Amino acid sequence: MNTVKKSLTPNLPRQRRRDVVENDQFAGFARRIIRAHGRRVATGDVEALRDLIALSTVIDDAIGEAVIGLRAFGYSWAEIGSRLGITRQAAQQRWGGDKP
């Protein structure tokens, strides 16, 4: 017996995702947290400087994961590069191992 409701389950694994409304607010929240952490370090917490630097690695990893996910949903290197303000070739060189 199949209990999956077709109307609630997308059946195309490579379909493009719809725009998520709260992404701008979420990104703004993340920026505020990172800036606040920088201000806390600036007040004399030299030990926390290493943690702040580690955040840049986490951000780079998150960007890579996002790009891989977008490629899996069918976005082209040209579309990704355009959103990042870089060429298709630059995006592919940085994050891709597949062909353009």
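Residues numbered from 1 in each chain as written. Predicted model: local features only at pLDDT ≥ 70, side-chain atom pairs only at ≥ 80, totals over all residues. Heavy atoms only, no water.

Asks: Before we go on, may I ask you to explain the pattern of salt bridges in this structure?
Replies: Two side chains of opposite charge can pair, provided their charged atoms sit close to one another. Applying the stated rule across the entire model yields one salt bridge. The partner of Arg 94 in a salt bridge is Asp 60, and the shortest N-O contact between them spans 3.7 Å. Of this pair, Arg 94 sits in helix 4 (residues 88-95) while Asp 60 sits in helix 2 (residues 49-72), and the two are 34 residues apart along the sequence. Judged by relative accessible area, Arg 94 falls into the exposed class, the value being 54%. A relative accessible area of 39% places Asp 60 in the partly exposed class. (Salt bridge = Lys/Arg side-chain N within 4 Å of Asp/Glu carboxyl O. Helix = DSSP H or I, 4+ residues; strand = E, 2+ residues; numbered from the N terminus. Buried < 20%, exposed > 50% of the residue type's maximum accessible area, 1.4 Å probe, protein only.)

Asks: Explain the nonpolar core to me, please; I cannot follow it from the model alone.
Replies: Here is a general trend for soluble globular proteins: nonpolar side chains tend to be buried in one another's company. In this structure, Val 67, Tyr 75, Trp 77, Ile 80, Ala 91 and Trp 95 together form the largest nonpolar core, which totals six residues. When contributions to this core are tallied by element, the ones reaching two or more residues are helix 3 (77-84) and helix 4. (Core = buried A, V, L, I, M, F, W, Y, C linked by side-chain atoms within 4.5 Å.)

Asks: Hey, could you run me through a positive patch on the surface in this one?
Replies: On the surface, a cluster of positive charge is made up of Arg 31, Arg 32, Arg 35 and Arg 39. Tracing the backbone shows Arg 32 in helix 1 (residues 23-42). (Patch = residues over 30% accessible without salt bridge, like charges linked within 9 Å, V, L, I, M, F, W, Y side chains within 5 Å. Areas by Shrake-Rupley, 256 points an atom, 1.4 Å probe, with all protein chains shown as cover. Lys, Arg positive; Asp, Glu negative; His and termini not counted. Charge placed at Lys NZ, Arg CZ, Asp CG, Glu CD.)

Asks: In this structure, what is going on with the layout of surface pockets? I would like to understand it.
Replies: Empty space among the atoms can be located by rolling a probe the size of a water molecule over them. Within this model, the second largest pocket holds a volume of roughly 310 Å³. In this structure, the second largest pocket is lined by ten residues; those nearest its centre are Leu 70, Glu 79, Ile 80, Arg 83 and Leu 84. Elements with a contribution of two residues or more to the lining of the second largest pocket: helix 2 and helix 3. Partitioned by chemical class, the residues of the lining of the second largest pocket number seven nonpolar, no polar and three charged. (1 Å grid on protein atoms, 1.4 Å probe; cavity = no way out; pocket = protein on both sides within 12 Å on 5 of 7 lines; lining within 4 Å. Points joined across faces, edges and corners; volume = space filled by probe spheres on them. Nonpolar A, V, L, I, M, F, W, Y, C, P; charged D, E, K, R; others polar.)

Asks: Please clarify how the confidence of the model for the chain should be interpreted in this entry.
Replies: Do not read the predicted coordinates in detail wherever pLDDT is low. Averaged over all residues, the pLDDT of the chain is 84; the fraction at 70 or higher stands at 76%. Predicted confidence in the chain is weakest over helix 1, with a mean pLDDT of 92, and strongest over helix 3, with 96. (pLDDT = per-residue confidence, 0-100.)

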